[in-house]
Amino acid sequence: MKIALLGNPNTGKSSVFNMLTGLRQHVGNFPGVTVDKKTGRIEIEGKSHKLIDFPGTYSIYPRSKDEEVVYKSLCNPESENYPDAVVVVVDSSNLERNLLLFTQVYDLQLPTLMVLNMTDLAAKQNKTIDIDALQTLFPEATIVSSNARVKLGKQKVVEALASFRERKGHRFQQELNFAAIEDIVAQEQETKIRFEHIRQEMSTIERISKKTVPASRGIDKILVHPIFGYLIFGVVLLIIFQFIYAFASVPMDLIDGAFANLSGWTSSILPAGLLTDLITEGIIPGIGGVLIFIPQIALLFFFIAILEETGYLSRVVFIMDRLMRPFGLNGKSVVPLLSSVACAIPGVMSARTISDWKERMITIMVAPLMSCSARIPVYTLLIALVIPSETYFGFMNLQGLVLFALYALGTLSALFIAILLKWIIKTKEKGFLLLEMPDYKFPRWQNVGITVWEKIKVFVWDAGKIIIAISIVLWGLATFGPSDRMETAAAEAQNEAMKQNLDEESTNRLVASAKLENSYIGIMGKTIEPVIAPLGYDWKIGISLITSFAAREVFVGSMATIYAVGDDSEESRPLIEKMRSETYTDGTPVFSLAAGVSLMVFYVFAMQCMATLAVVKRETKSWKWPLLQMGYMGILAYLGAWITFLILS
Amino acid sequence: MGQILSQIKNGESAVVRAILESSLKVKLMEMGLVEGKKLEILYRAPFGDPIAVDIDGYVLSLRRDEAQLIEVEVQNSATS
Ligand SMILES: Nc1nc2c(ncn2[C@@H]2O[C@H](COP(=O)(O)OP(=O)(O)OP(=O)(O)O)[C@@H](O)[C@H]2O)c(=O)[nH]1
Ligand SMILES: [Mg+2]
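Predicted model only: the values in this text are computed from it and were never measured. (Residues numbered from 1 in each chain as written. Chains lettered and ligands numbered in written order. Predicted model: local features only at pLDDT ≥ 70, side-chain atom pairs only at ≥ 80, totals over all residues. Heavy atoms only, no water.)

(A) Spatial organisation of the overall build of chain B. In terms of helices and strands, chain B carries 2 helices and 6 strands. Compactness check: chain B gives a C-alpha radius of gyration of 11 Å against a globular reference of 12 Å for 80 residues, within 12% of the reference. Dimensions of chain B, computed from C-alpha atoms along their principal axes, come out at roughly 35 × 30 × 25 Å. Out of the 80 residues belonging to chain B, those deemed buried represent 57%. The long-range share in chain B, meaning contacts at least 24 apart out of those at least 6 apart in sequence, stands at 59%. Charged side chains in chain B number 9 positive and 12 negative. The centres of these two groups are separated by 2 Å. (Helix = DSSP H or I, 4+ residues; strand = E, 2+ residues; numbered from the N terminus. Rg over C-alpha atoms; globule rule 2.2 N^0.38 Å. Buried < 20%, exposed > 50% of the residue type's maximum accessible area, 1.4 Å probe, protein only. Contact = heavy atoms within 4.5 Å. Lys, Arg positive; Asp, Glu negative; His and termini not counted. Charge placed at Lys NZ, Arg CZ, Asp CG, Glu CD.)

(B) Local environment of the side chain of Ser340 of chain A. Residue and element names in this part refer to chain A. Examined against the element boundaries, Ser340 turns out to sit in helix 13 (residues 334–342). Separated by 2.7 Å, the side chain of Ser340 and the backbone oxygen of Pro336 make a polar contact. Contacts of Ser340, omitting those with residues within four sequence positions, involve Gly347, Ala367, Met370, Ser371 and Cys372. (Polar contact = N/O pair within 3.5 Å; in protein donor to acceptor, adjacent residues only side chain to side chain.)

(C) Representation of the packing of helix 17 (residues 398–424) of chain A against helix 25 (residues 593–605) of chain A. Residue and element names in this part refer to chain A. Following both chains from N to C, one finds helix 17 and helix 25 inclined at 40°, their axes separated by 10 Å at the closest point. On the basis of their axis angle, the class for helix 17 and helix 25 is oblique. Here helix 17 runs over helix 25; the crossing is right-handed. Of the residues in helix 25, those in contact with Val402, Leu406, Leu409, Gly410 and Ser413 of helix 17 are Met600, Val601, Val604 and Phe605. Residues belonging to the contact of helix 17 with helix 25 are distributed by class as follows: 7 nonpolar, 2 polar and no charged. (Axes fitted to C-alpha atoms, helices over the stretch in contact; angles between N-to-C directions. Parallel < 35°, antiparallel > 145°, perpendicular 65-115°, else oblique. Left-handed = near helix turned anticlockwise from the far one by under 90°. Nonpolar A, V, L, I, M, F, W, Y, C, P; charged D, E, K, R; others polar.)

(D) The arrangement of the coordination of the magnesium ion (ligand 2) in detail. All names here are of chain A. At this site the magnesium ion (ligand 2) is bound by Ser14 (OG) and Thr34 (OG1), with donor distances of 1.9 to 2.1 Å. Residue Ser14 is found in helix 1 (residues 13–21), and its partner Thr34 is found in the loop between helix 1 and strand 2 (38–44); the two are separated by 20 residues along the sequence. For the pair Ser14 and Thr34, one class covers both residues: buried. (Donors = N, O, S within 2.8 Å, 3.2 Å for Na, K, Ca; no water.)

(E) Layout of the packing of helix 25 of chain A against helix 27 (residues 624–648) of chain A. Residue and element names in this part refer to chain A. Viewed as axis vectors pointing N to C, helix 25 and helix 27 meet at an angle of 160°, and their least axial separation amounts to 8 Å. By the angle class used here, helix 25 and helix 27 are roughly antiparallel. The way helix 25 lies across helix 27 gives a crossing that is right-handed. Only Met633, Leu636, Ala637, Tyr638, Gly640, Ala641, Thr644, Phe645 and Leu648 of helix 27 make contact with helix 25, whose side of the interface consists of Leu593, Ala594, Ala595, Val597, Ser598, Val601, Phe602 and Phe605.

(F) Examining the interface of chain B and chain A more closely. With 35 residues of chain B at the interface, the matching set in chain A holds 41 residues. Taken over both partners, the interface formed by chain B and chain A buries close to 3400 Å², and the fraction arising from carbon and sulfur atoms is 58%. It is Glu30, Tyr43 and Arg63 of chain B that lose the most area in chain B upon contact with chain A, and together they represent 22% of the buried surface on that side. Between the two partners, chain B and chain A, sit 7 salt bridges. Note that Arg63 of chain B and Asp321 of chain A form a salt bridge whose closest N and O atoms lie 2.8 Å from each other. The interface formed by chain B and chain A contains 12 residue pairs in polar contact (both at pLDDT 80 or more). Counting residues per element, the ones that place at least two in the side of chain B that touches chain A are helix 1 (25–30), strand 3 (38–44), strand 4 (51–55), strand 5 (58–62) and helix 2 (64–67) of chain B. Counting residues per element, the side of chain B that touches chain A draws most heavily on helix 1 of chain B, at 6 residues. Class assignment for the residues of the side of chain B that touches chain A results in 18 nonpolar, 4 polar and 13 charged. Relative to strand 5 of chain B, strand 11 (residues 434–437) of chain A runs antiparallel, the two sharing 4 bridges. (Buried area = accessible area lost by both parts, 1.4 Å probe. Salt bridge = Lys/Arg side-chain N within 4 Å of Asp/Glu carboxyl O. Pairing = 2+ DSSP bridges.)

(G) Quick peek at the environment of Glu80 of chain A. All names here are of chain A. One can find Glu80 in the loop between helix 2 (68–74) and strand 4 (85–91). We classify Glu80 as exposed; its relative accessible area is 62%. Separated by 522 residues in sequence, Glu80 and Phe602 place their C-alpha atoms 45 Å apart.

(H) Quick peek at the environment of Asp132 of chain A. Positionally, Asp132 of chain A belongs in helix 5 (residues 131–137). As for Asp132 of chain A and Thr204 of chain A, which are separated by 72 residues in sequence, their C-alpha atoms are 9.9 Å apart.

(I) Structural context of the packing of aromatic side chains. Residue and element names in this part refer to chain A. In the structure shown here, the tally under the stated rule is 16 aromatic pairs over all chains. Between Phe442 and Trp445, the ring centres sit 6.1 Å apart and the planes meet at 85°, which makes this aromatic pair edge-to-face. Note on Phe442: relative accessible area 60%, which makes it exposed. With a relative accessible area of 48%, Trp445 lands in the partly exposed category. Considering the side-chain rings of Phe602 and Tyr603, the 6.0 Å spacing of their centres and the 70° angle between planes classify their relative orientation as edge-to-face. (Phe/Tyr/Trp six-rings, centres within 6.5 Å; stacked < 30°, edge-to-face > 60°.)

Here it is as structure tokens:
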């Protein structure tokens, strides 16, 4: 059996879904968290059923992109998601509005279960719902109440699912037929009639003993204040970045050191040979390069989840809307842009809640300019390499400030590009903003934990697979070269060293780098060197640019592999030390301040993420947008890096 | 006296009289803005836009442009 979970936005559908399936679907105190259907399995009396979590909607007729899936699944019995039964999750503290969708679904004649959720909130607002009266109104529906936040009512819901009532043709609105999706006039008429009917019944269903003013009103006085509102939001962001920087570095250093040791230890116990090299120079640095990001990604998602869970995010939309409009964006664009700070993929997808086509397109086009977590490792490594660790005013760390500046650069250029697009893209329709602002809630640590855990898992698996695969390929390309070119070069280097009377260590270094230069990857790097030399990069950086084309996070892993293969010394050193001691033949360091910052700027702008391009293609249904995106970001990256290098060197 | 929602001051209450014809009409209705509904203007974002409105216990934010589509009648504040 297929069971659909429907309801208004932010009523707790995903919470109910998690409660029933034991899965960990993203839950957050913001209308529009779920933007696509999500399927899980639930066991009832020994039989397994399919439960589908849908995005929240105010009626069955779609008003934005994310809502379409509901209408398509419900109103087309041919659809693969056409349910055998529906569960409508209703916010008890806001019954009247929620009943519109419920009566529509009820009249579809599918077996229906009403879950009166948020009973705690209704109680707080002194609202009592007469379940018997509701039952009289909807005799063929099963009605249970719950508080999905604390998993209260699970048993009742499961029991109700086991015994759906059969439909015998009772309807809430007798003579009403469903309107076609384009027939707005009929839909208006239907909404009017239903609400009139619902409002007549409300007095028997609901009693409000005493009006209360929710605590949120007081908090809002400060958080959406014309001055303090922005100030607080700015401070919140600054604190987040400082925290990420301050707290993540210790575990990151630990991971880095541990993998360097592991590499050294493995090579000492395994017999020397190609396989050992593959493990110690390809696989281990590759895995290390993935795991090292976990602390920062975890912290970033932790903070974003808290912003969302408390309900602050919708206030941010509220105060930012007016500011975003001149850029052709919508207050709701803040959510995709902020999510893109974690990863552009969910960011681009969450733009579905923006109903205006133009605002949505602009949001999607600029979202990847927000610095995502895959850039963190690149930034972190380069900052540690070229930016001195100085502290101002006792708490402002220069390295943290640079990190903040990189994020700011990405954000500002996103806004700038948005303005350009606003002029270029033409539409007749005007954008709008209609957003419910939920009451503040204390964050539920379990939900925060779920978000953080799920994101890390996705990162480690999805990104990890690519990174490790590329690391291995890269190792192969760096270890082998065309015909005997590498051997010849090595022999030449050996001779050269003898002539110059070098000690053993310098000889080894010379030989190793001559070999790397003549491997397949070295030849590739050398080929593009003329193109990237104006930006201040050598051919080894060039290799990493090539390999990180598919995904930025590959950069550090590639560097690790290249330097591991090219490393001559006996003991394994952390990557950063290897990079620091890297020099051109004339002795100047490769990673000068100018080259380092230029590289950071390159990574701020460049569209090096296949996955994002694929998602943009899917979301915009055309290749035009992702190609345009890749093109303009590439130009920005090259020009930006070039100018930076010119200025700083 | 009929007025437009965007003209109402913060803290004042009003009752919805009609939603003007527009492509947003049905969406506004579905969000609970139907004739006879009581509203209270809670606060405005900086620059007076968007506006946050309390509709029977839930808070909806909408832009001034959307608020201009809603015809209301101000309630005598003394009675509320
Ligand atoms: N107080 C209270 N909060 C709840 C209850 N059920 C869920 N919540 C909270 O309400 C918020 C929204 O929950 P979700 O499960 O994400 O809601 P949803 O209906 O899936 O929302 P969308 O996907 O955005 O439509 C979260 O902060 C939950 O923790 C409840 O019974 N009582
Ligand atoms: Mg959800």
